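Structural overview for review
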Amino acid sequence: GFTYTGNPPATLRLSVEKGRVKRMLERWNIPTPAGRDFLTPDQVQSWTHFPAIVKPVSQHCSAAVTRDAVVHTVEALRARIAHINQAFHEGAVVERFIAGREINVGIWGNGRPRVLPLREIDFSLIPDPLHQMVTWDSKWTPNSAEWNTTPVNERPLVSNALREQLEDIAIRTYRAFGCRDYARVDFRIEQDAQGNERPFVVDVNPNPDITADGGFAGACRAAGYSYGQAISNIIGMAVARRNRKNALRATLSTRRVRVALPA
């Protein structure tokens with residue numbers, strides 16, 4: 001019976017199951033790298049999308065994402081799934097590794113959600129494109145080599161065409177997953193030989209970190225909101241939702257009374 005900020009249970013439950021997330025993106029024609037989930041190594045009969053990245057099927061925060069997570073052969077793929085089976089007691093989701101830029105898009109609002117300023121993980125200090133990814137160490141191990149080589153660019157240079165694609169896909173993803181109040185969609189950008197950039201959704205994050213030094217708060221600051229204003233705005237969304245619900249209950253109650261009155 002409590003009103004709370006953020007996303008509903010069905011959206012949160014879906015986001016935990018990365019295999020279902022992948023199938024949902026494909027069903028809604030949202031661009032995402034080719035991929036699927038495997039419970040055990042024995043299920044891998046064939047796989048042709050190399051290099052591939054292997055992640056636990058229901059973990060977040062870059063758990064098990066190291067440079068060893070990128071594999072190049074079926075044998076290495078099976079070995080990495082076995083590692084995840086042993087370390088996390090669950091299956092793995094496997095997808096084609098997109099070598100290229102990584103851009104995060106924060107969205108907030110209901111009815112007509114809005115896109116916040118883009119944020120890019122700066123991989124310029126990592127020469128090997130197959131090592132350019134957000135690993136566990138780059139998130140959680142201060143002063144590690146990967147921590148120090150993945151700064152965030154809060155004003156990424158993107159073409160108008162790419163920006164329009166990112167914003168459109170982010171909003172479509174937000175709506176497809178039933179997000180409300182706030183969420184973040186993570187993209188990898190693949191560039192072809194002609195220099196054309198194509199974005200792929202690699203993660204959907206309902207209720208992303210909203211601590212003061214987190215990425216979502218940073219996007220809010222870039223949009224001109226103080227931290228207090230951003231949190232107040234999110235609370236206001238939940239209050240508005242409660243007020244609409246109460247108004248609907250009052251309307252339905254009035255209608256029931258009217259129906260009950262004699263002619």
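Residues numbered from 1 in each chain as written. Predicted model: local features only at pLDDT ≥ 70, side-chain atom pairs only at ≥ 80, totals over all residues. Heavy atoms only, no water.

Describing the sheet that holds strand 4 (residues 92-96)
Judged by pairing direction, the sheet is antiparallel, and its 4 strands sit side by side in the order 1-4-2-3 without closing on themselves. Both outer strands of the open sheet, strand 1 (35-38) and strand 3 (70-71), are each paired with one neighbouring strand and no more. Judged from the 4 bridges that link them, strand 1 and strand 4 form a sheet pairing that is antiparallel. Bridge pairing in strand 4 links phenylalanine 38 to alanine 92. Where helix 2 (residues 18-27) meets the sheet, it contacts strand 1, strand 2 (52-56) and strand 4, and its direction lies at approximately 155 degrees from that of strand 1. Where helix 3 (residues 74-88) meets the sheet, it contacts strand 1, strand 2, strand 3 and strand 4, and its direction lies at approximately 15 degrees from that of strand 2. (Pairing = 2+ DSSP bridges. Helix = DSSP H or I, 4+ residues; strand = E, 2+ residues; numbered from the N terminus. Contact = heavy atoms within 4.5 Å. Axes fitted to C-alpha atoms, helices over the stretch in contact; angles between N-to-C directions.)

Here we look at the pairing of strand 2
Burial of strand 2 is extensive: 5 of the 5 residues sit out of reach of the surface. Pairing of strand 2 with strand 3 involves 2 bridges; the strand directions are antiparallel. Within strand 3, the residue paired with alanine 52 across the bridge is valine 71. Here strand 2 pairs with strand 4 via 5 bridges, running antiparallel. Bridging across to strand 4, lysine 55 finds its partner in valine 93. (Buried < 20%, exposed > 50% of the residue type's maximum accessible area, 1.4 Å probe, protein only.)

What to know about empty space enclosed by the protein
Summed over all chains, the structure comprises 2 cavities of 30 Å³ or more. Taken as a whole, the largest cavity encloses approximately 40 Å³ of empty space. In terms of lining, the largest cavity is formed by Asn104, Val105, Gly106, Arg119, Arg184, Gly215, Phe216 and Ala219. At the level of secondary structure, the elements contributing two or more residues to the lining of the largest cavity comprise strand 5 (101-108) and helix 6 (215-222). Taken together, the residues of the lining of the largest cavity break down into 3 nonpolar, 3 polar and 2 charged. Considering only enclosed or pocket space, the second largest cavity measures out at about 30 Å³ in volume. Lining the second largest cavity we find Ile210, Phe216, Ala217, Cys220, Tyr227, Ala230, Ile231 and Ile234. When the residues that make up the lining of the second largest cavity are grouped by side-chain class, the tally is 8 nonpolar, no polar and no charged. (1 Å grid on protein atoms, 1.4 Å probe; cavity = no way out; pocket = protein on both sides within 12 Å on 5 of 7 lines; lining within 4 Å. Points joined across faces, edges and corners; volume = space filled by probe spheres on them. Nonpolar A, V, L, I, M, F, W, Y, C, P; charged D, E, K, R; others polar.)

Observations concerning the environment of threonine 40
Counting through the fold element by element, threonine 40 comes out in the loop between strand 1 and strand 2. Under the relative-accessibility criterion, threonine 40 is labelled partly exposed at 33%. Along the primary structure threonine 40 and isoleucine 84 are separated by 44 residues, whereas in three dimensions their C-alpha atoms are 9.2 Å apart.

A closer look at unusual backbone geometry
With an omega of -5 degrees, the peptide bond between phenylalanine 50 and proline 51 qualifies as cis. Its location among the elements puts proline 51 in the loop between strand 1 and strand 2. Of note in the backbone geometry, asparagine 29 takes a positive phi value of approximately 55 degrees without being a glycine. Checked against the element boundaries, asparagine 29 lands in the loop between helix 2 and strand 1. In this structure, asparagine 143 takes a positive phi of about 70 degrees despite not being glycine. Position of asparagine 143 among the secondary structure elements: in the loop between helix 4 (136-140) and strand 8 (152-153).

Concerning the side chain of threonine 11
Turning to its location among the elements, threonine 11 is positioned in helix 1 (residues 9-16). Apart from the residues lying within four places of it in its own chain, the contact partners of threonine 11 are Phe177, Gly178, Cys179 and Pro206.

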